[in-house]
Structure formats: C-alpha cells, structure tokens
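Here are the chains, one letter per residue:
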Amino acid sequence: MALRPEEIASVIKKELEKYKTRLIVESVGTVLQVGDGIALVYGLDDVMIGELVQFSNDIYGIVLNLEEASVGIVILGAENAIREGDIVKRTGRIAQVPVGDALLGRVINPLGKPVDGKGPLATNKYRPIEAGAPNVVQRQPVKEPLQTGIKAIDSMIPIGRGQRELIIGDRQTGKTAIAIDTIINQKGKNALCIYVAIGQKMSNIVMVKETLEKYGALEYTTIISASSRAAASLQYIAPYAGCAMAEEWMYSGKHVLVIYDDLSKHAQAYRQLSLLLRRPPGREAYPGDIFYLHSRLLERAAKLTDELGGGSITAIPIVETQAGDITSYIPTNVISITDGQIYLENDLFFAGVRPAINVGLSVSRVGGNAQTKAMKQVSGRLRIDLAQYRELITFTQFGSELDKATQMQLVRGERMVEILKQDQYAPLPMAKQVMIIYAGTNGFLDDIPVALVQRFETEFHAFADSRYKPLEEEINAKPFLTDELKEKLGKVVTEFKNGFKR
C-alpha cells in the first residue's frame, strides 16, 4: 500500500490544531531557614497574610510575616522533615477546618483531624478559621438566659445566650469545673458545646472527656485538643478553629456554647511565635497586637437577629492569674473585651466556699436581661444580704457588741453563703434554685444551724420532688412568681421545716 505524503501531512496538521498548550504557573518559594516551628522562605512574592502554604513533604504552614526579602511561616506539624532549600508552594486558600454535626461527640486537633481513634469525620463542609464578626445590624441584644446550673452564677452573675463572660482566677481554684458544669447543664436545653483546651496537660483533657461522657454530655459536645505537648502554632489556631466550628451552627439558627480554656496560654503561644518571627516585643514581651488577638476572637460571639435565624455563640473564655493579680496585662485586656467576669478567689476556695466566687469583684454587664423573672425576684435580696454580710463581718473582728438587727444580718448572710455552696458535677435546674434561694432570702433558714443548711437543702429538694413536683413545673411554666405561687412555696418550705430533724 502506497503512502501519500499529502494525507499524512493533513492528519498531522489536524492533530496539531487540536493540541492546546496548557501552561501551569505556580508561585513557589525556597526555605532559607527553619527551626522552632518557624520557616523563613525566599520568594512567594504574591502570597497573602494568613494563607496556607504547602512544603514539599505534605506539611502545611500559615503565613504570618510578609517582609521585603522573605516570608515568615508558622509550621503546622513536625518541622524535622523540612530542610533548607525545600520548595514551598502557595495553596491560594486561607486555613480552614471541617464543620458540621459530624464533629459532635468527637475529640479533634485544631486542624480538624480526629485524635480519639473513632475514625475519620463524615463531613465535607469547611469554614475558614478567621472570619469577620457579625455587625451591629446582624445582632440583637442578649436577652435569653443560658443556665449554668450553678446557684451563685444564675442568681447574681447571669449569663445570656450571645454573651462573653470571663472566668478568671489563680490555678486550681475551680475555673474548669465551672465550665464543665455549664456544659453538663446544657443537656436537653437545645444547645451545642465546644470545649477548646489550649496548653492543658493531656491527662486533664482526658479527664474532661471522660467526665462529659459519664454525665451524657459528650454527645452534644466537641473537644478541640491543643495540649501542652502540641506545637505553639496549633495552640495559636485552636480557639479560632473552635469559633469557626461554632459559627457553622450559629448561622444555621442553633445555640452554641464555646469554652476557651485558657487564653493566658493562648497569648503565651502567640508571644512565642511572634518573638521567633522577630516581631518587636512590647509590654511583658508580648507583641503589639496581643489585644487584637483576643478581641477578633471574642467579638465573633453574638446573638443573631431573627431574620438570620436567631442563632447564638456564647463565649466563656478562661484566664489564669498569678497570685490573684487581675490587673496584669492579659487579664485586663480580656476583662475589657468581655461582658463581665466571674472571679474565683484562693482564700474562699481554701475556706471551703466552692464554687469560690467573689461576688464583689464578679459582674455580668448584661445583668437581669439574661435572667428569668422568677430568679430576678428572689435574687434581688440575695445580693443585698451578701453585701451587708461582707461589710459587717469586718466589724465583728473588732469584738464590739452588736445590736439585734446587725446580728440578724450576720445570721442571714452566713446561711446564704452556705446555700450558694455547691458540689461539682451537680448543676441544679432553675426552679430548684428559685425554691431554695426563696427559702433563704425570706428567713426560713435563719433558725437552722449553719452546719445543717446543706443537708436541709438536699432533703428539701427530695421532699419537693416526691410530694410537690407540680410546684416546680409551675415555677418553670409561669413567667414570674405570683403572690399565690409565693404563698404555696412558703407553705411547702414551712411543712418541710417542721418535719426536718436537727
């Protein structure tokens, strides 16, 4: 068979016409220096701040510094495999984490990878870890209560959905205990929870997980673990990752509680990264943008308008103080950002007052708006009684004789302090809190010996449960305590008191 040159030429011509050149352009850089979780990279001229970049061995990093001759990158993972001269590529996307209901009941790291051995997450939805806070028009005032189940907080320092309430105190004063009790109390209250552990011991994180599992709270909770053994870069992004996961639910019309435990260690991790990136140090060697670090995180907590679904993020950051000094740098920063603080005191803790809340220094700037009317009615007197008791207790130390009215105020104050004591992992429903605080503020306990007040409370709740369960339901159902309801409550307390064995 003879080959005709013109036919071969036409076939080649057609094939060449079909062929289109695909030119792939990638922005790449070269590692100049690596160490302590930081890489300095030459090149990447068009990279964005906060962008994810990929090293040659599938390790990722976040761009934090843009300089004239180099780019400063925080490495998310093991730096041992990265060498000088390695190629670094842009990804074109900001750091993001998986979100959605698949995260509930799981323990994950700040990158969204499971660390609980229960297999991969069944979700394909992602959100960037950094996002803008809702603006004024998108928010509504905080007005729905978020019950903690802790009498001292729900009665005097109420927290509302969409609020930011700081828990502050020295180490080992019960800060995490309050946070865990609050999570346990959300059972059946249409709220999802995220617990972000930053710089905690691994044993503490395991204990939190087991406690939540024991009380049936893990099923609606996600734990983000950035333990003390994790890289500073992971501790730095952990709270932002937790907030991004919460935002997915908030914008779906759900209510979310986020615990940041704790922001002191978060600030220390950021200080470490900043100093390694050669950023100029400021007060206490923290960088100049340390305030912005926490304000941009906590401002994302909000109660959205009904048009946007009415969802909310309630943020409870925890800050550790040194020797009770709440005037140091990080505590004052976070106090100025949040809507109030719960201050836990060493002296109270060691005196057996637990939770060790100093009512004088603790405040909720949302106040009564975040309380049920029934609680507001009974707790108005409580704060006054405690304030008078605190003032008078100082005078009694001088041993002067006291008139009868002063003695009665001291008696009432002692019993109110006892009422506000509460065991860990035993949050109380709102109606039960109202009943016992009503009994205390109205003088029903004045003649009960102080040592028996806690037993009186336990037995009173059991008595009311067995004989007057409808009364508790009535307190929950009615918007406030009517005179008739108060009368009923008084009769129940008197009936129990008459049969109480002293």
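Quick caveat: nothing in here was measured; it's all calculated off a predicted structure.

### Quick look at the environment of G37
For G37, the location among the structural elements is in the loop between β1 (28-35) and β2 (38-43). With near-sequence residues (within four places) excluded, G37 lies in contact with I73, V74, I75 and E79.

### A look at helix α6 (residues 263-276)
Every α-helical turn comprises 3.6 residues, leaving residues that sit three or four positions apart pointing alike. Compared with an ideal rise of 1.5 Å per residue, which puts 14 residues at 20 Å, α6 spans 20 Å between its outermost C-alpha atoms and is within 8% of the ideal. Listed in full, the buried residues belonging to α6 are L263, S264, H266, A267, A269, Y270, L273 and S274. For α6, the capping residue at the N-terminal end is D262, with a side-chain oxygen 2.9 Å from the backbone nitrogen of S264. Immediately downstream of α6, the backbone of R278 shows phi near 65°, a positive value.

### Things to note about empty space enclosed by the protein
Under the counting rule described, the total for this entry stands at one cavity of 30 Å³ or more. Considering the residues around the largest cavity, the lining is formed by P145, L146, Q147, D154, P158, I159, A370, Q371, T372, M375 and M430. Residues belonging to the lining of the largest cavity are distributed by class as follows: seven nonpolar, three polar and one charged.

### Brief notes about the environment of H266
Here H266 shows up in helix α6. The spatial distance from the C-alpha of H266 to the C-alpha of G132 is 20 Å, given a sequence separation of 134 residues. Those residues in contact with H266 that sit more than four places away from it in its chain are I198, Q235, Y236, P239, Y240, L293 and H294. At a separation of 2.8 Å, a polar atom in the side chain of H266 contacts the main-chain carbonyl oxygen of Y236.

### Section: the state of the cysteines
One pass over the full model with this rule turns up zero disulfides. The thiol of C243 is unpaired, and the distance to the nearest cysteine sulfur, on C193, comes to 15 Å. Taking relative accessible area as the criterion, C243 reaches 1% and is therefore assigned buried.

### Overview of unusual backbone geometry
D262 follows D261 through a cis peptide bond whose omega is 0°. The residue D262 is located in the loop between β13 (255-261) and α6 in this model. In this structure, P355 follows R354 across a cis peptide bond, with omega equal to 0°. You can see P355 is positioned in the loop between α9 (346-350) and β16 (363-364). A positive phi angle, close to 65°, is found at D58, a residue other than glycine. With respect to the helices and strands, the residue D58 is situated in the loop between β3 (51-55) and β4 (60-66).

### Side note on the layout of surface pockets
Here the largest pocket defines a volume of roughly 800 Å³. Q172, G174, K175, T176 and A177 are, among the 31 residues lining the largest pocket, the residues nearest its centre. Mapped onto the lining of the largest pocket, the elements with two or more residues apiece are α3 (175-185) and α4 (202-214). Per element, the largest residue contribution to the lining of the largest pocket is six residues, and it comes from α3. A volume near 450 Å³ is recorded for the second largest pocket. Taken together, 20 residues line the second largest pocket, and the ones lying closest to its centre are Y60, Q96, L111, K113 and Y126. At three residues, strand β7 (residues 96-98) tops the list of elements feeding residues into the lining of the second largest pocket.

### Focus: the packing of helix α13 (residues 453-467) against helix α15 (residues 483-499)
Close contact between α13 and α15 brings their axes to 10 Å; oriented N to C, the two are set at 115°. Between α13 and α15 lies a crossing of right-handed hand. Along the contact surface, α13 presents F456, E459, F460, F463 and R467, while α15 presents V492, V493, E495, F496 and K497.

Conventions we followed
Residues numbered from 1 in each chain as written. Predicted model: local features only at pLDDT ≥ 70, side-chain atom pairs only at ≥ 80, totals over all residues. Heavy atoms only, no water. Helix = DSSP H or I, 4+ residues; strand = E, 2+ residues; numbered from the N terminus. Contact = heavy atoms within 4.5 Å. Expected span 1.5 Å × (residues − 1). Buried < 20%, exposed > 50% of the residue type's maximum accessible area, 1.4 Å probe, protein only. Polar contact = N/O pair within 3.5 Å; in protein donor to acceptor, adjacent residues only side chain to side chain. 1 Å grid on protein atoms, 1.4 Å probe; cavity = no way out; pocket = protein on both sides within 12 Å on 5 of 7 lines; lining within 4 Å. Points joined across faces, edges and corners; volume = space filled by probe spheres on them. Nonpolar A, V, L, I, M, F, W, Y, C, P; charged D, E, K, R; others polar. Disulfide = S-S within 2.5 Å. Axes fitted to C-alpha atoms, helices over the stretch in contact; angles between N-to-C directions. Left-handed = near helix turned anticlockwise from the far one by under 90°.

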